[in-house]
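Results of the structural survey
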Amino acid sequence: MDDVSMLIGKKPLDVVGFLQLNVHGHQNQVYFRPVYHFFMLATYAFFGNCPIGYNVFNIVLFYFACFSIYHLINALFKNFTLAFLTSILFCVHPINGVLVNQKICAGYSMLIITAALSLMKFMQAFEEVNNLPDFIASMRQAGRLNDLFLGGIYFGLALMCHEVAIMVPFLLICIFFILKNDNFLTALKKSSPALLLLYFYLIFRFHYFSLKHSVLDNISFFKMSFFQYFASYAKLVFWYISKLFVPDGIVLAWETYVLPQHALMWIMSFLLMIAVLLFLVVRYWKRNIVTFSLVWLFIGFGIVLLACLSRPALGFVIQPHWLSLSSIGFFLMSAAFLVTLSKYVNGQIWILIFILIVALYGGISRKYNDLWSSQKGYCRYWLTVSPSSFWPNFWLGHSYMVEGEYIKAKIHFNRNLTRGIHEEKIYGNLGIVEYELKNYDNSISYLKKAQVMSPNAAETYYYLGLNYVKKNQFEKAENYYLQAIKLDPYLLSSREELARLYESQERDREAHTVRQSIRAISMMKL
């Protein structure tokens with residue numbers, strides 16, 4: 001269930017392209033995350049296919065993410081207990097387990113680290129210190145510029161980890177307006193450096209990595225009215241909030257679709273929730289920590305408005321890691337409640353309550369960790385929560401195919417085939433399955449469909465060659481092997497089969513030439 005397959009078999013790797021730094025070649029990308037891809041590349045270089053290495057690295061980076069949350073909350077409120085509780089709750093809650101369990105997710109922890117550093121530096125740049133001597137004041141002015149520069153660098157790195165970092169400038173406005181009691185225009189002015197950077201980032205994204213193509217143009221794909229879209233969005237929000245309070249049924253991605261007859265109910269429920277929260281904020285909470293925590297959380301839901309449209313082929317989905325940064329608001333509010341509770345209950349009882357909460361969250365997180373230990377087990381669990389989701393069906397089918405359980409693999413691939421999603425991959429896998437089942441005509445039929453949809457996939461031509469060998473159509477087999485080699489010179493299996501074909505036909509000179517090329521490529525890979 002990881003994207004390390006993006007690297008395997010691609011040697012020599014186009015590092016510039018993989019890191020998305022070749023801006024003219026990525027206009028149709030769904031996202032722009034070179035820092036995220038750097039961590040994928042670096043961890044693969046170090047750990048290869050060893051899952052333990054990825055998990056240890058992710059745990060270390062996740063620890064630093066929690067540590068950065070502690071420092072951010074402490075900088076905001078100057079309260080050790082509040083900062084400590086917030087970071088601990090963030091750490092043990094299973095909603096953030098993907099940051100450790102999915103081996104390619106180091107970039108998400110880096111997002112939290114860089115976003116927290118950016119917020120702290122921007123805040124530090126506008127700290128007011130009165131009655132300073134002139135020479136110290138001039139040094140402070142130089143330090144202010146340094147803080148703004150570093151804040152911008154960290155913000156840029158956060159954006160290149162994941163697009164959800166666009167919430168940083170809006171969090172800054174809330175910090176200055178709600179916590180620092182600035183008027184709105186002053187808060188806007190202090191946040192203007194971050195807003196300006198965001199403005200240039202969005203121009204860059206629209207020009208080189210089109211948000212219009214990857215998100216906005218997808219709206220028509222869903223074939224739903226505005227009310228259905230709003231209702232489906234509300235259902236995604238309620239799903240995520242429910243998992244914060246009752247962490248059961250958390251999966252890597254959850255898909256939903258609201259039937260027209262149910263749209264009004266979801267819309268009214270969402271509007272009622274917003275109305276109640278606004279009333280409480282205006283009437284009771286005003287500019288306090290609860291208001292700030294809620295705004296922090298709901299800024300993330302604003303990002304989901306667009307994010308849920310980013311991959312229409314996979315359905316109308318929400319992924320918990322999209323909200324890992326904004327979930328800090330929920331854990332801050334929970335920590336504030338615990339701090340308030342400590343004033344009204346006996347100290348030992350309070351410690352017991354805290355230990356029970358941590359133990360509960362930790363125990364549930366351990367259960368999810370166990371699920372992640374097996375791709376098949378996790379996908380089966382995922383399908384109990386989101387039965388129509390494309391990803392668990394695809395990965396489960398792939399697992400069965402690798403293990404030789406081809407009939408089971410066919411069941412899951414065929415489930416996805418009815419959805420019209422990534423059909424070229426499904427047809428390709430069905431072609432492999434039918435080949436292994438010795439149904440060569442069916443295999444060729446599926447592989448040719450995959451070939452039409454994805455004409456540059458070398459593996460498709462390789463398997464077509466295998467099928468024609470079994471059907472004793474050796475000339476066709478040779479042509480397909482040669483096409484596979486032309487498309488991917490580093491796919492050694494095509495060269496191996498071509499050499500065997502030549503040897504079976506006693507074409508020794510040609511077989512010798514192919515064998516030499518295999519040895520040369522093998523040495524190059526070493």
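What counts as what
Residues numbered from 1 in each chain as written. Predicted model: local features only at pLDDT ≥ 70, side-chain atom pairs only at ≥ 80, totals over all residues. Heavy atoms only, no water. Core = buried A, V, L, I, M, F, W, Y, C linked by side-chain atoms within 4.5 Å. Buried < 20%, exposed > 50% of the residue type's maximum accessible area, 1.4 Å probe, protein only. Helix = DSSP H or I, 4+ residues; strand = E, 2+ residues; numbered from the N terminus. Contact = heavy atoms within 4.5 Å. Salt bridge = Lys/Arg side-chain N within 4 Å of Asp/Glu carboxyl O. Expected span 1.5 Å × (residues − 1). Phe/Tyr/Trp six-rings, centres within 6.5 Å; stacked < 30°, edge-to-face > 60°. Lys NZ or Arg CZ within 6 Å of the ring centre and 35° of its normal.

Some thoughts on the nonpolar core
In terms of nonpolar packing, the biggest core is built from 165 residues, with Ile73, Leu76, Phe292, Trp296 and Ile318 touching the most fellow members. By residue number, the principal contributor to this core is helix 6 (residues 106-125), which donates 12 residues. In this structure isoleucine 318 touches Leu236, Trp239, Tyr240, Leu252, Ala253, Trp254, Val304 and Leu323, once residues within four positions along its chain are discounted.

Points about the environment of proline 247
Positionally, proline 247 belongs in the loop between helix 12 (226-245) and strand 1 (254-255). Judged by its relative accessible area of 7%, proline 247 is buried. Taking C-alpha positions, proline 247 is 7.6 Å from isoleucine 364, a pair spaced 117 residues apart along the chain.

A word on the pattern of salt bridges
One pass over the full model with this rule turns up 16 salt bridges. For lysine 121, the salt bridge identified is with aspartate 147, shortest N-O distance 3.6 Å. Of this pair, lysine 121 sits in helix 6 while aspartate 147 sits in helix 7 (residues 134-161), placing them 26 residues apart in sequence. Measuring nitrogen to oxygen at the nearest pair gives 2.8 Å for the salt bridge that ties aspartate 441 to lysine 471. You can see aspartate 441 sitting in helix 21 (residues 440-453) and its partner lysine 471 sitting in the loop between helix 22 (458-470) and helix 23 (474-487), a full 30 residues away along the chain. Within the structure, one salt-bridge network assembled from shared partners comprises Lys376, Glu403, Glu405 and Lys408.

Quick word on unusual backbone geometry
In this model, asparagine 181 sits at a positive phi of 60 degrees, which is unusual for a non-glycine residue. For asparagine 181, the location among the structural elements is in the loop between helix 8 (168-179) and helix 9 (184-190). Even without being glycine, lysine 438 reaches a positive phi, approximately 70 degrees. Among the secondary structure elements, lysine 438 is positioned in the loop between helix 20 (423-436) and helix 21.

Quick look at helix 22
For helix 22, with 13 residues, the first-to-last C-alpha span of 19 Å sits near the 18 Å given by 1.5 Å per residue. With 10 of 13 residues buried, helix 22 lies mostly within the body of the structure. Every buried residue belonging to helix 22 is among Ala458, Thr460, Tyr461, Tyr462, Tyr463, Leu464, Gly465, Leu466, Asn467 and Tyr468, and all of these are buried. Looking at the residues trailing helix 22, positive phi occurs at asparagine 472, about 60 degrees.

A word on the packing of aromatic side chains
Tallying each qualifying case throughout the model produces 48 aromatic pairs. Ring plane angle 45 degrees and centroid distance 6.3 Å describe the contact between phenylalanine 46 and phenylalanine 47, whose orientation is recorded as tilted. The ring centre of phenylalanine 177 lies 4.0 Å from the NZ or CZ of arginine 287, which sits over that ring.

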